[in-house]
Amino acid sequence: MLSEFPAPKVIITCDKCGMRKQYDRDAMVKAGGDRTLAHLLDEIVARAGCTRINTLSVYDRCGAKYEELVRLSAIWRR
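Here the structure is a predicted model, which is why all the values come from computation and not from measurement. (Residues numbered from 1 in each chain as written. Predicted model: local features only at pLDDT ≥ 70, side-chain atom pairs only at ≥ 80, totals over all residues. Heavy atoms only, no water.)

1. Here we look at the overall build of the protein chain
Spelled out, the test is: The way it works is that DSSP assigns letters per residue, a run of H or I at least four long becomes a helix, a run of E at least two long becomes a strand, and they are numbered from the N terminus. Relative accessibility under 20% of the residue-type maximum defines a buried residue, over 50% an exposed one, and the middle range a partly exposed one, all with a 1.4 Å probe and only protein chains included. We call two residues in contact when some of their heavy atoms are within 4.5 Å. With residues, only the protein chains shown are counted as cover, and all accessible areas are computed by Shrake-Rupley using a 1.4 Å probe. Charge assignment: positive for Lys and Arg, negative for Asp and Glu; neither His nor the chain ends contribute. One atom stands in for each charge, and that atom is NZ of Lys, CZ of Arg, CG of Asp or CD of Glu.
A tally of regular secondary structure across the protein chain gives 3 helices and 3 strands. Counting from the amino terminus, the protein chain carries its helices and strands in the arrangement β-β-α-α-β-α. Each principal axis of the C-alpha atoms in the protein chain carries an extent, and together these give about 35 × 30 × 20 Å. Looking at the protein chain as a whole, 29% of its 78 residues qualify as buried. For the protein chain, contacts bridging at least 24 residues in sequence account for 54% of all contacts bridging at least 6. Element-wise, carbon and sulfur atoms account for 54% of the exposed surface of the protein chain, whose accessible area totals about 5400 Å². Charge centroids of the protein chain, computed over 14 positive and 10 negative side chains, lie 4 Å from each other.

What follows is the structure, given as C-alpha cells:
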C-alpha cells in the first residue's frame, strides 16, 4: 500500500522513455487515498501519456518502476 512505501518521496522512472517523476507519499495518500503500488503505478503512467502501457508485447511494454523499491531490493539481496 502507498502508506507503507519505505520513503517519504515516491520516485518513478522509466529507462525506455526517460520519464522521471517525484511525488510526496503523504500528500498522495491524502489526495487520492491509500492504494496498492501496482494500481498507483498504472495511474501515474497513464496520466503521463505513456503509449506502451497497454501493449501486448512483453518487449515493448512500459518500463516504469519505483526507483526506491529497486534500490531497496538490491540492498536486501546482499
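2. A look at the sheet that holds strand β2 (residues 20–24)
Applied cut-off: What makes two strands pair is DSSP finding at least two bridges between them. As a rule, the C-alpha atoms of each element are fitted with a line to give its axis, helices using only the stretch in contact, and angles between N-to-C directions run from 0 to 180 degrees.
Ordered by their spatial adjacency, 3 strands build an open sheet running β2-β1-β3, and the pairing between neighbours is antiparallel. Where the open sheet ends on each side, the last strands, each with one partner, are β2 and β3 (64–66). Pairs of neighbouring strands in the sheet enclose a mean axial angle of 20 degrees, with direction left out of account. Strand contacts of helix α1 (residues 25–32): β1 (9–14) and β2, with the helix running at about 75 degrees to β2, the strand carrying the most contacts.

3. Comments concerning the pairing of β2
Where β1 and β2 come together, 5 bridges link them in antiparallel fashion. Across the sheet, the residue bridging to T13 is R20, located in β2. Linkage of β1 to β2, two consecutive antiparallel strands, is achieved through a turn of 5 residues, within which G18 is found at a positive phi near 85 degrees.

4. Some details on the pattern of salt bridges
When their charged atoms lie close together, side chains carrying opposite charge are able to pair. Our working rule: Salt bridge criterion: a side-chain nitrogen from Lys or Arg within 4 Å of a carboxyl oxygen from Asp or Glu.
Applying the stated criterion across every chain, the model contains 5 salt bridges. Linking R25 and D26 is a salt bridge whose minimum nitrogen-to-oxygen distance equals 3.1 Å. The salt bridge partner of D60 is R52, with a shortest N-O separation of 3.7 Å.

5. A few points about the side chain of T13
Mapped onto the secondary structure, T13 falls in strand β1. Overall, the relative accessible area of 9% leaves T13 in the buried class.

6. Considerations on the nonpolar core
The test is simple: Each nonpolar core is a collection of buried residues, namely Ala, Val, Leu, Ile, Met, Phe, Trp, Tyr and Cys, held together in the definition by side-chain atoms within 4.5 Å.
Core analysis: the largest hydrophobic core is formed by 16 residues, its most contacted members being V10, I12, A64 and Y66. Of all elements in the fold, only β1, α2 (37–47) and β3 reach the threshold of two or more residues within this core. With 5 residues, the top contributor of residues to this core is α2. Leave out the neighbours within four places in its chain, and V10 touches L2, F5, K21, Q22, Y23, R25, M28 and Y66.

7. Considering the pairing of β1
Counting buried positions over the 6 residues of β1 gives 5, a clear majority of the element. Sheet analysis places β1 next to β3, joined by 3 bridges and oriented antiparallel. By the bridge assignment, C14 is partnered in β3 with A64.

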